[in-house]
Structures are given as C-alpha cells and as structure tokens.
Amino acid sequence: MTSTSGVDAQSQSRRAFVIVGHTQTTSPDFPLNDLPGSAGRMDILARCVTAAFCLSHGLRKDVEVFLVLRDEVVLRFEGARLKRLNPDERSTGALLKHALQALREGRTQSTPGVSVARRGLSEVLQELEERGFQLYVLDERGEDIRTADFASRSAFVLSDHRNFTPEEEVLLQEHPKLSLGPVVLHADHCIPLVHNELDRRFPPEALE
Ligand SMILES: C[S@@+](CC[C@H](N)C(=O)[O-])C[C@H]1O[C@@H](n2cnc3c(N)ncnc32)[C@H](O)[C@@H]1O
C-alpha cells in the first residue's frame, strides 16, 4: 500500500485518525449528490477528512486519516502528499469515489496522497502500533482529554454514526479511552477538538 515516497510521508505523521464506517458503500458507483443516502452516510466520512486536514489557509501535513469501510476496505489519506482536497463535502466525496474506483481497477494509489486497499480495522491498528503510534479510543465515558498525557505520535479511533460493534470493541478494549466532554458529538466535530487540544500542547511544525 506504500510507495517509497509514501513511507517518507508517513514518517512525518504525528497524528492519525481512524474513522470506523459501518454503512458506507465500497462501490464507486454512488452519485456525488447523494452522499448521505445511496452512498450509506459517506457524507460523514467526507466531513471527517476535511476536519482532519483543512485549516483556514492550507492543509495539515503531519496528519494521516484512515477510513475503514465495513471492515473490508481502507482508504488512507496522507497530509504530507495530499493534493486536491478542498473544504467542501462534495469534492471530498469525489476523492473517496476516485479511490474506490482505483480499488475496482486493481490499483492501490488514487489521487495524490490517497491510497486504498482491502484490509480491516485490526490491520490498521496493528500498522499504527508498529509505527510507534499510541492508540486512543474516543469515547464520552473515557478520561478527560484535558488531563491526558500524549505520546509524540498519537492515533485516535472513532466511530461514524453507529456504535462500535462488539467485535470492534474487543479490538479496542486494551486502548485508553478519551472523552471530549459529556455530550455525544458528531464524529467530524470531534476531530477539530482533538486537534485543538494537541495544537495547544504541541504547536504544529509542518503546515502547508
Ligand atoms: C456520532 S458519535 C456515535 C454516536 C453513538 N453511536 C450513538 O448513537 O449514541 C461518533 C463517534 O464520535 C466519538 N464521540 C462522540 N462524542 C464524543 C465525546 N464526547 N467524547 C469522545 N468521543 C466522542 C465516538 O468515538 C463516537 O463513536
């Protein structure tokens, strides 16, 4: 799934977000004007991608995002190589569609900074751990993020609009749970709160 330049780009990553999608299609045949409906709430994943990367004037380069679709397909976005990402949901939906089309055609590379493979949540978690990321699960019942200590490389796992499945809960049970507050938020709203907490402690060095 990684080219040589991909490995270089990945070594720059200090934050990762893993969004576990349960209902999204793995086919590229969805219309861009119906991301919430026929694409199975693909709009949530599109908004998570823009929330993870987009700043007022640029993109965060030290971030990676993994979108896990139905535990079958993983789309990876690498900030250090990412191009053609705009703040609007529709054009991000187009990047997701391109990636699923690449998968259909047997390619792993899609648009710059976006790759795709047939794999699942456990493989993503294993890869991140092997690369030295400390994994955290976002959960409103967890430890307050404001009192938590962070490793230099942190990865945050969150669900889409559904609860984690019992099988996912088993995979995630050994990792610390962090709360962003007592109110249950939309997944895409959680990501800027995590960024803000980390930006205050570790000001970003690598912004485009
Ligand atoms: C829309 S919520 C999931 C809603 C949940 N399945 C339900 O129906 O009650 C999406 C994800 O965002 C994260 N999340 C939402 N609110 C949070 C909070 N206050 N603290 C930490 N994580 C939160 C969790 O990972 C959650 O699975």
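Let me sum up the structure you'll find in this document. What you see is a predicted model; the values in this text were computed from it and never measured.

1. With respect to unusual backbone geometry
Alright, step 1. Although it is not a glycine, arginine 70 sits at a positive phi angle of roughly 55 degrees.
Alright, step 2. Mapping arginine 70 onto the fold places it in the loop between β4 (63-69) and β5 (73-78).
Alright, step 3. Since 14 C-beta atoms lie within 10 Å of it, arginine 70 is described here as partly exposed.
Alright, step 4. At aspartate 71, a residue that is not glycine, the phi angle is positive and equals roughly 60 degrees.
Alright, step 5. Structurally, aspartate 71 can be placed in the loop between β4 and β5.
Alright, step 6. We classify aspartate 71 as partly exposed; it has 18 C-beta atoms within 10 Å.

2. Looking at the environment of glycine 113
Alright, step 1. Within the secondary structure, glycine 113 is located in the loop between α3 (89-104) and β6 (114-118).
Alright, step 2. For the pair formed by glycine 113 and leucine 85, sequence separation is 28 residues and the distance between their alpha carbons is 9.7 Å.
Alright, step 3. Not counting residues within four places of it along the chain, the set of residues in contact with glycine 113 comprises Phe77, Glu78, Arg81, Leu82 and Lys83.

Parameters at a glance
- Residues numbered from 1 in each chain as written.
- Predicted model: local features only at pLDDT ≥ 70, side-chain atom pairs only at ≥ 80, totals over all residues.
- Helix = DSSP H or I, 4+ residues; strand = E, 2+ residues; numbered from the N terminus.
- Buried ≥ 20, exposed ≤ 12 C-beta atoms within 10 Å, placed from the backbone.
- Contact = placed C-beta atoms within 7 Å.

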